[in-house]
Amino acid sequence: MKSISKQISFALILCLFSSISVTAQNQKHPKLIVLLTIDQLRYDYISKYWARYGDGGFKKLVSEGFYQANTHFSYMPTFTGVGHATLGTGTTPAIHGIAANNWYDRVSKKKMYCVSDEEVNTIGSKSDAGKYSPKNLRSSTFAEQLKMANSASKTIGIAIKDRGAILPVGHFTDGAYWFDSDEAKFITSSFYRSELPKWANEFNQLNLPKKYLDQDWNTLYPIETYTVSTADDVPFEKAYKGEEKPVFPHKTKELSKANGLGMVKNTPYGNTFTVEFAKKAIIGEDLGKDKFTDFLSISFSSTDYIGHQFGPHSIEIEDTYLRLDQDLANLIQFLETQVGQNEFLIVLTSDHGAADIPAHVNGSAQYFKNEELKKELEEYSELLYQVNLIEAIANEQVYIDYEQLNANNLDFSEVKSSFMEFLKLTEGIVVVSDPANNWCIGEKTICERIANGYHSKRSGDLFFVIEPGWLGSYNEKGGTTHGSPFSYDTHVPLIWYGFNTKAGIDYTLTSIKDIAPTLSTLLGISSPNGATGMPISNFLNSRATR
């Protein structure tokens, strides 16, 4: 009897696994996955400009897609390179190694740029703007796993920023293309290929930056209708080089004579330019044209450049997003025609948010004097230990001089503890951490974000966090920035659209590092090798079947 029971159970198990196997084999996949990363897209920009968006862009994505409205980055610092690496790898700086846009390198005693690579050459121009690669990235990406699962799948990264093009796709990919400001064209590096493809050369010959800048930049609609933004002429915005005031109309045709055609990246036309290049790539590479899923990462960099310059409540930012909304509508319509309705999947999100400008919030935030802190900490070190133990301060991190530490036979833990005591009493600092030893003075969730952002070989020995809303003294000149562990920098939209996606909204706490594992699960392939994120079950369970 027991033998019969075992035979029946075994048969049921075989049947179950056979069913799962058949289902997996017959599971239809999107022909093309498009990751849209809008650089410095704050969470509130979706609702803030909702009434002014058209029906084919943001509104279409939100209304017909699955909107995860409580999505955050789980680390500090929240910078562009770090965000794009996290999107690609499904993990945090602690694992993928992109600890900042620039970090202090203890070996060379210099700053290290996240995608810098002196061993490669520029392809597509005569400048050094192509001497970049993903060599500093320490984890594989979703794009690489897709390529390894099937070599027929094509994967490409596109952005005006080099780091925005390179880091989401990684090492093993069909290409990454970014903008050379000096020659106003898209280029790549010898890491990827020996020459630009024919379609890219044809695109560059159109000289679209000149066409765009010759139009000047005025508001898309009458300026008096931009009522959710601050006045046009305010003292905490930055003017373009050669411009008397940061006000409309921005005479880009004339300004480009002093700034070069590369200034297109600092205007909303940079987003339009990026879309047109992406469309050319889709056609030129036949993306989404066979049974093997392709992947295209498009990062919109101009939103970040404009946000830094004018701030999150400027008319310039509002106009940029109204124009980007039209660009997105254009891209969606193109994908529906070129790839086919319900044959592509769009994932729209951002790499970080941005802070309000302290002058705009009327005194609730201030500017932190970074250089003064370094001087004071050096003086404290010399007073306490009779030697300067501060090698560098970068990205709100303190690098201790190991050579001086050892030469003076000082106890590392005691030194760090004393510096933490000094930092916690410094005006403007609210959290201090030694992540290597799990010592942290401050709110628990902020301490966890610091730990996730700590890379043992690239980060500083101590982290500090300035008051919420405060900016570094550099921004006293105007504009805003990002990098903090607070919600205005960590909270960004996440929208899934197309390919059997059911419309809905989800307020469950979600992490950006979950995107790559979710895409991997959707396609039935391995997650990136360093992934610490988890598949987003609420999205996967909500999907329609057919």
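Report follows, based on the coordinates. Keep in mind it's a predicted model, so treat the numbers as computed, not measured.

1. Points about the environment of Leu261
Position of Leu261 among the secondary structure elements: in the loop between α10 (252-259) and α11 (269-284). What makes Leu261 partly exposed here is its relative accessible area of 26%. Look past the residues within four positions of Leu261 in its chain and what remains in contact with it is Ala184, Asn207, Pro209, Lys210, Leu213 and Ser256.

2. Notes on the state of the cysteines
Applying the stated rule across the entire model yields one disulfide. Covalently, Cys440 is tied to Cys447 through a disulfide, its sulfur atoms 2.0 Å apart. Note on the Cys440 and Cys447 pair: the S-S dihedral is about -80°, so by sign convention the disulfide is left-handed.

3. Let's talk about unusual backbone geometry
Between Met76 and Pro77 the backbone carries a cis peptide bond, its omega angle lying at 15°. Take Pro77: it is sitting in the loop between β2 (66-72) and α4 (80-89). Following Phe248, the chain continues into Pro249 via a peptide bond in cis, with omega recorded as -5°. Among the secondary structure elements, Pro249 is positioned in the loop between α9 (208-213) and α10. The phi angle at Asn342 is positive, at roughly 65°, despite the residue not being glycine. Residue classification places Asn342 among the partly exposed positions, given a relative accessible area of 27%. In this structure, Phe499 takes a positive phi of about 35° despite not being glycine. Its location among the elements puts Phe499 in the loop between β18 (491-498) and β19 (504-506). Using a relative accessible area of 1% as the deciding quantity, one classes Phe499 as buried.

4. Focus: the pattern of salt bridges
Any two side chains of opposite charge can pair if their charged atoms end up close together. In the structure shown here, the tally under the stated rule is 25 salt bridges. Two residues, Lys198 and Glu202, come together in a salt bridge whose shortest N-O distance is 4.0 Å. Pair noted here: Lys198 and Glu202 are both in helix α8 (residues 198-204), with a separation of four residues, about one helical turn. Close ionic contact of Asp214 with Lys210 constitutes a salt bridge, the shortest N to O distance being 2.8 Å. When its relative accessible area of 30% is taken as the criterion, Asp214 is described as partly exposed. Within this structure, Arg106, Lys109, Glu391 and Asp461 form a network of salt bridges that share partners.

5. Section: the packing of helix α12 (residues 302-310) against helix α13 (residues 315-338)
Put simply, α12 and α13 touch, their axes get as near as 9 Å, and they point 165° apart. For the element pair α12 / α13, the angle class is roughly antiparallel. For the pair α12 and α13, the sense of crossing is left-handed. Touching Thr303, Ile306, Gly307 and Phe310 of α12 are Glu316, Ile317, Thr320, Tyr321 and Leu324, all from α13. For the contact of α12 with α13, the residue count by class is five nonpolar, three polar and one charged.

6. Focus on the packing of aromatic side chains
Applying the stated criterion to the full structure yields 37 aromatic pairs. Their ring planes at 25° and their centres at 6.3 Å tell us that Tyr49 and Tyr321 sit as a pair that is stacked. Note that Tyr49 is positioned in the loop between α2 (45-48) and α3 (58-64) and Tyr321 in helix α13, a separation of 272 residues in sequence. Aromatic ring contacts, followed pair by pair, group Tyr177, Phe179, Phe186, Trp199, Phe203, Tyr212, Tyr269, Phe273 and Phe277 into a single cluster.

7. Details of the sheet that holds strand β16 (residues 462-466)
Strand order in the open sheet formed by five strands is β12-β13-β16-β14-β15, with antiparallel pairing between adjacent strands. Both edges of this open sheet fall to β12 (390-394) and β15 (439-441), since each of them pairs with a single strand only. In this sheet, neighbouring strand axes are inclined to one another by 15° on average, regardless of whether the strands run parallel or antiparallel. Docked against the sheet, helix α16 (residues 412-424) engages β12, β13 (397-400), β14 (429-434), β15 and β16, running at close to 170° with respect to β14.

8. Notes on the pairing of strand β7 (residues 175-180)
Burial runs high along β7: six of the six residues are buried. Two strands pair when backbone bridges link them, and β7 and strand β8 (residues 185-189) are joined in this way by three bridges, in the antiparallel orientation. Paired with Asp180 across the two strands is Lys185, which belongs to β8. Taken together, β7 and the strand that follows it, β8, pair antiparallel across an intervening segment of four residues, in which Ala184 is found at a positive phi of about 55°.

9. Regarding α11
For α11, spanning 16 residues, the distance from its first C-alpha to its last is 22 Å, which sits close to the expected 22 Å at 1.5 Å a residue. For α11, the buried fraction is high: 12 of the 16 residues fall into the buried class. Those residues of α11 not exposed but buried are Tyr269, Gly270, Asn271, Thr272, Phe273, Thr274, Val275, Phe277, Ala278, Lys279, Ala281 and Ile282. Once α11 ends, the next one or two residues include Asp286, with phi positive near 55°.

10. Considerations on the nonpolar core
Counting 65 residues, the largest nonpolar core has Leu36, Phe58, Ile158, Tyr321, Leu335, Ile346 and Leu348 as the members making the most contacts within it. With 10 residues, the single largest contributor to this core is α13. With 51 residues, the next largest nonpolar core counts Phe73, Cys114, Val169 and Ala176 among its residues.

11. Overview of the layout of surface pockets
Rolling a probe over the atoms, with the probe sized like a water molecule, indicates the empty space that remains. Put simply, the largest pocket is a space of about 1400 Å³. Around the largest pocket, the lining comprises 45 residues; the ones closest to its centre are Phe79, Asn395, Tyr474, Asn475 and Thr481. Of all the secondary structure elements, the ones that give two or more residues to the lining of the largest pocket are β3 (102-105), β4 (110-113), α12, α14 (370-385), β12, β16, β17 (471-472) and α18 (487-490).

12. Let's talk about a negative patch on the surface
Together, Glu372, Glu376, Glu379 and Glu382 make up a negatively charged patch on the protein surface. Here Glu376 lies in helix α14.

13. Regarding the environment of Asp506
Note that Asp506 resides in strand β19. When the C-alpha atoms of Asp506 and Tyr67 are compared, they prove to be 6.2 Å apart, with 439 residues separating the residues in sequence. Beyond its immediate chain neighbours, meaning those up to four positions away, Asp506 contacts Phe66, Tyr67, Gln68, Ala69, Asn70 and Asn538. Polar side-chain contacts of Asp506 include one of 2.8 Å to the side chain of Thr508.

Thresholds, definitions, all that
- Residues numbered from 1 in each chain as written.
- Predicted model: local features only at pLDDT ≥ 70, side-chain atom pairs only at ≥ 80, totals over all residues.
- Heavy atoms only, no water.
- Helix = DSSP H or I, 4+ residues; strand = E, 2+ residues; numbered from the N terminus.
- Buried < 20%, exposed > 50% of the residue type's maximum accessible area, 1.4 Å probe, protein only.
- Contact = heavy atoms within 4.5 Å.
- Disulfide = S-S within 2.5 Å.
- Salt bridge = Lys/Arg side-chain N within 4 Å of Asp/Glu carboxyl O.
- Axes fitted to C-alpha atoms, helices over the stretch in contact; angles between N-to-C directions.
- Parallel < 35°, antiparallel > 145°, perpendicular 65-115°, else oblique.
- Left-handed = near helix turned anticlockwise from the far one by under 90°.
- Nonpolar A, V, L, I, M, F, W, Y, C, P; charged D, E, K, R; others polar.
- Phe/Tyr/Trp six-rings, centres within 6.5 Å; stacked < 30°, edge-to-face > 60°.
- Pairing = 2+ DSSP bridges.
- Expected span 1.5 Å × (residues − 1).
- Core = buried A, V, L, I, M, F, W, Y, C linked by side-chain atoms within 4.5 Å.
- 1 Å grid on protein atoms, 1.4 Å probe; cavity = no way out; pocket = protein on both sides within 12 Å on 5 of 7 lines; lining within 4 Å.
- Points joined across faces, edges and corners; volume = space filled by probe spheres on them.
- Patch = residues over 30% accessible without salt bridge, like charges linked within 9 Å, V, L, I, M, F, W, Y side chains within 5 Å.
- Areas by Shrake-Rupley, 256 points an atom, 1.4 Å probe, with all protein chains shown as cover.
- Lys, Arg positive; Asp, Glu negative; His and termini not counted.
- Charge placed at Lys NZ, Arg CZ, Asp CG, Glu CD.
- Polar contact = N/O pair within 3.5 Å; in protein donor to acceptor, adjacent residues only side chain to side chain.

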